[in-house]
Amino acid sequence: MISTLMKLTPLLAAGVAISGGSEELQKLGAEMINVAKVIKTTSEMDDIAKGIYIDLQFDEGIPDDIVAYARDNMDSTKGLDTGLDAWGTEWQLYIEDDSYYVQSCGIDGLCGTKDDYFEIIVDNKGRRRGKKVTNAYDPEAAMKQLIERKQDIDERMLQKLEAEVEKLKALEEAAQE
């Protein structure tokens, strides 16, 4: 489901943004783009964390520079900088209680705020699990809500358009009499 949403999100957002439309539609488009960025960021964080965890199995240790690690080890099929999250901020290595995390500073680009995202690399017992410090944002649920809002907006716009067409028909009929 996330894969499908990830593919549809940019198309929906682009359609909303290109159509211009109301301020409500433009806001919806911006929110859709942010959902796509959250999905992209959290997916890339998981890939980076898994890569480092695998390297740990071969005694390579936690990299000192997680940005360089991402650039050297993560593939970018679109030529994007793999050392940056979807908002253009460098990945961070977050350490808490001898557990290591990949950190994205989130939408605001500032680390240490409530919109940050974290992905566990390894906990203090050498496992790739444990307390997953992340906010409760659910991109799948958010996208479903945004799609429902878009459908509601479309329905209201269609009703207005139909009402205008009826008015125009009535004016044309009145003009012909």
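Please read all numbers here as calculations on a predicted model, not as lab measurements.

Asker: Provide a residue-level description of the nonpolar core, including the pertinent values.
Answerer: Formed by 16 residues in total, the largest nonpolar core has its most connected members in I48, I52, I66, W91, V102 and I121. For this core, the secondary structure elements donating two or more residues are α2 (23–57), α3 (66–73) and β3 (117–122). Looking at which element gives the most residues to this core, the answer is α2, with five residues. Once residues within four sequence positions are removed from consideration, I121 is found in contact with A49, I52, Y53, L56, I62, I66, L93, Y100, Y101, V102, R127 and R128.

Asker: Can you lay out the environment of S43 for me, pointing to particular residues and giving the numbers?
Answerer: Along the chain, S43 turns up in helix α2. When the C-alpha atoms of S43 and E119 are compared, they prove to be 9.5 Å apart, with 76 residues separating the residues in sequence.

Asker: I'd like to hear about unusual backbone geometry, residue by residue, with values.
Answerer: For D59, which is not glycine, the phi torsion reads 60° and is therefore positive. If you trace the backbone, D59 turns up in the loop between α2 and α3. Its identity as a non-glycine residue notwithstanding, D97 has a phi of 55°, on the positive side. Mapping D97 onto the fold places it in the loop between β1 (92–96) and β2 (99–104).

Asker: Outline the side chain of T41, supporting the account with residue identities and numerical values.
Answerer: Looking at where T41 falls in the secondary structure, it is placed in helix α2. Of the residues examined, T41 reaches a relative accessible area of 0% and is grouped as buried. Apart from residues lying up to four places away in sequence, T41 is in contact with D85, A86, W87, W91 and S104.

Asker: Hey, could you go over the environment of D72 for me, with residue numbers and the actual values?
Answerer: Note that D72 resides in helix α3. Taking relative accessible area as the criterion, D72 reaches 64% and is therefore assigned exposed. As for D72 and T82, which are separated by ten residues in sequence, their C-alpha atoms are 8.5 Å apart.

Asker: Could you give an account of α2, with specific residues and numbers?
Answerer: When the terminal C-alpha atoms of α2 are compared, their 51 Å separation across 35 residues agrees well with the 51 Å that a helix rising 1.5 Å per residue should span. Phi for D59, located one or two positions after α2, is positive at around 60°.

Criteria and thresholds
Residues numbered from 1 in each chain as written. Predicted model: local features only at pLDDT ≥ 70, side-chain atom pairs only at ≥ 80, totals over all residues. Heavy atoms only, no water. Core = buried A, V, L, I, M, F, W, Y, C linked by side-chain atoms within 4.5 Å. Buried < 20%, exposed > 50% of the residue type's maximum accessible area, 1.4 Å probe, protein only. Helix = DSSP H or I, 4+ residues; strand = E, 2+ residues; numbered from the N terminus. Contact = heavy atoms within 4.5 Å. Expected span 1.5 Å × (residues − 1).

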